[in-house]
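What follows is each chain in one-letter form.
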Amino acid sequence: MSPDDRLCGIIDLLCECGITEDILASLTSIDKADILAFRNDPSELSYDKKYKLATNIIFIEVVLKEQLQKKYLKLEAKKREEC
């Protein structure tokens, strides 16, 4: 797994847990359009923006890790119930 794929996975998890691209843009000072572009094609973002995005997203993920795990487990349980 590449670092870009790993970062996209963390962003996906944050979004699944209710932290929207708008919120991420506010917290990282990176345009929502850049976050969306990165999620679609990581090569579209400059190295400097990727670095800034990665450092901020990883910090958010570390700070919210316990809450994200709980929320993710609830989402997974709900999906299993729906099946």
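In what follows, the structure referred to is the one given above.
Summary of the structure given here. (Residues numbered from 1 in each chain as written. Predicted model: local features only at pLDDT ≥ 70, side-chain atom pairs only at ≥ 80, totals over all residues. Heavy atoms only, no water.)

Some remarks on the nonpolar core
For clarity, the cut-off: Put simply, a nonpolar core is a bunch of buried Ala, Val, Leu, Ile, Met, Phe, Trp, Tyr and Cys residues held in one set by side-chain atoms that sit within 4.5 Å of each other. Relative accessibility thresholds used throughout: buried, under 20% of the residue-type maximum; exposed, over 50%; partly exposed, between the two (1.4 Å probe, protein chains only). Put simply, DSSP marks the helices as runs of H or I at least four residues long and the strands as runs of E at least two long, and each gets a number from the N terminus on.
Of all hydrophobic cores here, the largest spans 17 residues; its most connected members are I11, L14, L24, F38, L53 and I57. Mapped by element, the contributors of at least two residues to this core are helix 1 (3–16), helix 2 (21–28), helix 3 (32–40) and helix 4 (47–63).

Quick word on the pattern of salt bridges
The following threshold applies: Salt-bridge detection follows one rule: a side-chain nitrogen of Lys or Arg within 4 Å of a carboxyl oxygen of Asp or Glu.
All chains considered together, the criterion is met by 6 salt bridges. Taking the shortest distance from any N to any O, the salt bridge between R39 and D12 comes out at 2.5 Å. Taken together, the positions of R39 in helix 3 and D12 in helix 1 put the pair 27 residues apart, joining distant regions of the chain. Note on R39: relative accessible area 28%, which makes it partly exposed. Owing to a relative accessible area of 31%, D12 belongs among the partly exposed residues under this scheme. One salt bridge in this structure joins D22 and K32, with 3.4 Å as the shortest N-O distance. Of this pair, D22 sits in helix 2 while K32 is found in helix 3, placing the two residues 10 residues apart along the sequence. Among the ionic contacts, a cluster of salt bridges with common partners joins D12, E21 and R39.

Examining helix 3
Note the following rule: Arc definition: directions from the helix axis to the C-beta atoms. Any two residues having at least one pair of non-hydrogen atoms within 4.5 Å are treated as being in contact.
Along helix 3, the residues that are buried comprise D34, I35, A37 and F38. Looking straight down helix 3, one finds its buried side chains confined to an arc of 165°; they lie on one side. The exposed set on the far side of helix 3, more than 90 degrees from its buried face, consists of A33 and N40. Residues of helix 3 that are buried make contact with helix 1, helix 2 and helix 4.

Thoughts on helix 4
Stated formally: For a helix, the expected span equals 1.5 Å multiplied by the residue count minus one.
Its 17 residues give helix 4 an end-to-end C-alpha distance of 24 Å, which sits within 8% of 24 Å, the value for a rise of 1.5 Å per residue. If you check which residues of helix 4 are buried, you get K50, L53, I57, I60 and E61. Around the axis of helix 4, the buried residues are gathered within 105° of arc, so they sit on the same side. Away from its buried face, by an angle of more than 90 degrees, helix 4 presents the exposed residues Y47, D48, Y51, F59 and V62.

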